[in-house]
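The residues making up each chain are set out below.
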Amino acid sequence: RTAMSTASQGFPISPERFPVRVLMERRSLRGNPWVQETWHALGVMVGAGQGAASDHPAAVVRGPDSTQFMWRGLSVQFHPDEAESYYHNLTVEQPACYVVTHTRRDGTPEPFLVTVSFDAAQAYLEGDETVYSVPLPPELYRAAETYVLAHYVPEKKHKRKLLSAKETFHGGH
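These notes cover the structure that comes with them. Keep in mind the model is a prediction, meaning the values are calculated, not measured. (Residues numbered from 1 in each chain as written. Predicted model: local features only at pLDDT ≥ 70, side-chain atom pairs only at ≥ 80, totals over all residues. Heavy atoms only, no water.)

This part covers the overall build of the protein. Secondary structure assignment for the protein yields four helices and nine strands. Counting from the amino terminus, helix and strand elements in the protein follow one another as β-β-β-β-β-β-α-β-β-α-β-α-α. Taken across its 173 residues, the protein has 37% of its residues classed as buried. The contacts of the protein with a sequence gap of at least 6 include a subset with a gap of at least 24, amounting to 62%. When the accessible surface of the protein is summed, it comes to about 11,500 Å², and 52% of that surface belongs to carbon and sulfur atoms. (Helix = DSSP H or I, 4+ residues; strand = E, 2+ residues; numbered from the N terminus. Buried < 20%, exposed > 50% of the residue type's maximum accessible area, 1.4 Å probe, protein only. Contact = heavy atoms within 4.5 Å. Areas by Shrake-Rupley, 256 points an atom, 1.4 Å probe, with all protein chains shown as cover.)

Below is the structure:
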């Protein structure tokens with residue numbers, strides 16, 4: 001792809017922004033008097049996909065005890081001030097993509113942010129939003145890696161001067 005090509009749906013693509021879709025599953029619970037269903041994020045797919053973005057997800061698979069829904073019209077954006085968080089995400093055993101959701105009045109989660117930044121996901125989690133972690137798609141891994149190489153410069157470690165016991169206990173006097 002070129003730096004500023006256009007996806008099949010007319011969605012601009014750049015090294016900093018990627019259109020994505022989110023696949024989530026609603027599972028019915030039987031025998032639980034307090035909770036009738038649970039939601040799980042199954043994955044993030046790169047690309048706008050077919051169909052227009054809307055406020056309502058499209059049911060893509062229906063089963064007897066679960067339904068999978070696709071949310072369109074989202075994107076992953078890279079920001080220079082989050083490059084260190086992307087770097088740390090890429091260096092863990094299982095790099096993740098984070099889906100941040102609001103909860104609608106009917107209890108349905110509504111994804112509004114997809115990020116590769118653990119720090120951003122953590123901030124939303126502390127703000128009482130629901131955050132789902134899914135495996136980082138290979139296309140986003142490569143994009144994050146390219147972005148980190150271009151925007152992240154690790155801080156140089158400085159050695160501390162070792163103090164003698166006398167300096168430590170007497171404040172250096």
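Once their charged atoms are close, side chains differing in charge can pair, the charge on each being opposite to the other. This model, assessed by the stated rule, comprises four salt bridges. A salt bridge links E37 to R26; the nearest nitrogen and oxygen atoms lie 3.7 Å apart. Taken as a pair, E37 in strand β4 (residues 37–46) and R26 in strand β3 (residues 17–28) lie far apart in primary sequence, eleven residues in all. Assessed through its relative accessible area of 26%, R26 is described here as partly exposed. (Salt bridge = Lys/Arg side-chain N within 4 Å of Asp/Glu carboxyl O.)

For the structure shown, the criterion picks out ten aromatic pairs. Centre to centre, the rings of F69 and W71 are 6.3 Å apart; their planes meet at 55°, and the pair counts as tilted. The pair formed by F69 and W71 is uniform in burial state, with each residue classed as buried. Taking 5.5 Å as the distance between ring centres and 70° as the angle between the ring planes, the aromatic pair formed by F112 and Y124 counts as edge-to-face. (Phe/Tyr/Trp six-rings, centres within 6.5 Å; stacked < 30°, edge-to-face > 60°.)

Now for unusual backbone geometry. Positive phi outside glycine occurs at D128, with the angle close to 75°. Tracing the chain through its elements places D128 in the loop between α2 (118–126) and β9 (130–135).

Taking 1.5 Å per residue, 14 residues should reach 20 Å; helix α3 (residues 138–151) reaches 20 Å between its end C-alpha atoms and fits that length. Every buried residue of α3 is accounted for by L140, A143, A144, Y147 and V148. Around the axis of α3, the buried residues are gathered within 135° of arc, so they sit on the same side. Set apart from the buried face of α3 by more than 90 degrees, the exposed residues are T146, L149 and A150. Its buried side turned inward, α3 meets β3, β4, β6 (66–77), α1 (83–90) and β7 (96–103). (Expected span 1.5 Å × (residues − 1). Arc of directions from axis to C-beta.)

On to the pairing of β7. The element β7 is largely enclosed, with a buried count of six among its eight residues. Note: β7 against β9, six bridges, orientation antiparallel. Among the inter-strand pairings, V99 is bridged to a residue of β9, identified as Y132. Between the end of β7 and the start of strand β8 (residues 109–115), which pair antiparallel, lie five residues, with G107 showing a positive phi angle near 90°. (Pairing = 2+ DSSP bridges.)

Moving on to the packing of α1 against α3. In the contact formed by α1 and α3, the axes pass within 9 Å of each other and the chain directions differ by 130°. The angle between α1 and α3 places the two elements in the oblique class. In terms of crossing hand, the pair formed by α1 and α3 is left-handed. Of α3, the residues touching α1 (which contributes A83, Y86, Y87 and L90) are Y141, A144, E145, Y147, V148 and H151. Counted by class, the contact of α1 with α3 contains eight nonpolar, one polar and one charged residues. (Axes fitted to C-alpha atoms, helices over the stretch in contact; angles between N-to-C directions. Parallel < 35°, antiparallel > 145°, perpendicular 65-115°, else oblique. Left-handed = near helix turned anticlockwise from the far one by under 90°. Nonpolar A, V, L, I, M, F, W, Y, C, P; charged D, E, K, R; others polar.)

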